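# Close look at the chain arrangement
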Amino acid sequence: MSTQRLKTAIITGITGQDGAYLAQLLVEKNYCVIGIHREGDGNDFYRLEYLGVRDKIELLGCNLLDPKACTELLRSFAPDEIYNLVAQSSVSYSFSKPHETIEFNIMTVLNLLEAIRSVDTNIKYYQASSSEMFGKIESLPISTHTQLHPISPYGISKAAGHWMVSQYREAYGLFAISGILFNHESYLRTDSFFVKKVIKAAIRISRGLQTTLALGNIDIKRDFGHAKEYVKAIWMMMQLDQPTDFQVCSGTSVSLRQIAFYVFDQLNVDHERIVIDPALFRPAEIKDIYGDKSEVEKQTEWKYTLTFFEVLDMLIKEELANDPYEA
Ligand code: NAP
């Protein structure tokens, strides 16, 4: 009787939103998961704990800016798949920390791809690309013909990583792919990101713990989905025979104003509690963006049907169920 070998996957950015959901998915699929976090103490594994997978994966500190450490990592664990999710992931923060964003988000990709090239070219590689790479957009939806024209340090760093993956695939024949993911949210999103910030503030205002919520430009539109569903697409594209980049999105955009008003309505909070603060406007901003999910739905079994208002209902419910707010 033959026993099926467990696949080994390395996930970088294991402490983040997508790292946690992907770890949960791969554990369910019986993978041996190695989760990479920052070196040293002080890492916060609350997302992995929340999903009940902290004890089911191996956690390891590694400096991904060190090429030798990346090579050693691959030699030690001989992974079948690498999911490179690590990044300085905030567009806003990237305007104030361009050096850090560009260096970290580009060099980590280069180091991992070079490590694959020197250790084992059969290792499959996934890169977390972003719709922010498109920036200045001439027409929608985003298609395979849309040019990359990033307008933030974050977008530039992701575009560079994206091209590197493409170059390593073409030049060295690696199974290296980019998932071009549009905004995806969850209860596990970092508090400073828009949707989580709005939900938390609305609950706090409804409880008399906060008076107003300051927001920047809420007339921009984005294509939003749920992180737990999007990591399924990531895994499926890594199981294909041919390495192919895909857009992962809902296929429609909603404005930040619609989101904020919807959340405030659900929690019976007056819209007048929202204060627009020009200091929170970004130096450059994509006005509207949405993608096209037809290719990923055609070539994998992934299907996405949730509207973002359905996602918001789920997120509000989950936030209230884990109520940390004191009355
Ligand atoms: P996230 O929650 O912000 O997670 C980012 C991860 O990167 C965390 O584990 C974080 O570690 C780590 N990290 C950041 N800076 C680091 C540094 N200097 N040194 C070491 N580790 C560092 O992001 P996410 O939402 O899960 O997104 C996952 C990936 O998808 C990212 O590459 C992001 O850019 C990309 N993406 C996300 C979206 C989205 O809407 N969520 C859309 C498109 C693309 P700490 O916890 O220690 O900070």
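In short, a report on the structure. (Residues numbered from 1 in each chain as written. Predicted model: local features only at pLDDT ≥ 70, side-chain atom pairs only at ≥ 80, totals over all residues. Heavy atoms only, no water.)

## Some remarks on unusual backbone geometry
- Here L140 and P141 are connected by a cis peptide whose omega angle stands at 0°.
- Note that P141 resides in the loop between strand 5 (124-130) and helix 6 (153-172).
- Although it is not a glycine, A78 sits at a positive phi angle of roughly 40°.
- Positive phi values are uncommon outside glycine, yet N268 reaches one of about 55°.
- Structurally, N268 is set in the loop between helix 9 (256-266) and strand 13 (274-276). (Helix = DSSP H or I, 4+ residues; strand = E, 2+ residues; numbered from the N terminus.)

## What about the site of the ligand?
- As a structural note, the neighbourhood of the ligand is formed by 23 residues, with T15, D18, R38, S89 and Y154 the closest of them.
- Coverage of the ligand by the protein amounts to 83% of the 890 Å² it exposes when considered alone.
- Put simply, the parts of the chain that give the shell around the ligand at least two residues each are helix 1 (17-28), strand 5 and helix 6.
- The greatest single-element share of the shell around the ligand, amounting to three residues, is contributed by strand 5.
- Considering only residue class, the shell around the ligand consists of nine nonpolar, ten polar and four charged. (Near = heavy atom within 4 Å. Areas by Shrake-Rupley, 256 points an atom, 1.4 Å probe, with all protein chains shown as cover. Nonpolar A, V, L, I, M, F, W, Y, C, P; charged D, E, K, R; others polar.)

## Observations concerning the layout of surface pockets
- Approximately 440 Å³ is the volume attributed to the second largest pocket.
- Lining the second largest pocket we find 20 residues, and of these S143, T144, H162, I180 and D245 sit closest to its centre.
- Elements with a minimum of two residues in the lining of the second largest pocket: helix 6, strand 11 (246-248) and helix 10 (294-299).
- Of all the elements, helix 6 adds the most residues to the lining of the second largest pocket, at five residues. (1 Å grid on protein atoms, 1.4 Å probe; cavity = no way out; pocket = protein on both sides within 12 Å on 5 of 7 lines; lining within 4 Å. Points joined across faces, edges and corners; volume = space filled by probe spheres on them.)

## Re the sheet that holds strand 3 (residues 58-61)
- Read from one edge of the open sheet, seven strands run 3-2-1-4-5-6-11, paired in parallel fashion. Lying at the two open borders of the sheet, with one neighbouring strand each, are strand 3 and strand 11. Taken over all neighbouring pairs, the strand axes of this sheet differ in orientation by 25° on average, direction set aside.
- Docked against the sheet, helix 5 (residues 98-119) engages strand 1 (8-12), strand 4 (81-84), strand 5 and strand 6 (176-181), running at close to 165° with respect to strand 5.
- The strands touched by helix 8 (residues 227-238) within the sheet are strand 4, strand 5, strand 6 and strand 11, with strand 6 carrying the most contacts at an inclination of about 155°. (Pairing = 2+ DSSP bridges. Axes fitted to C-alpha atoms, helices over the stretch in contact; angles between N-to-C directions. Contact = heavy atoms within 4.5 Å.)

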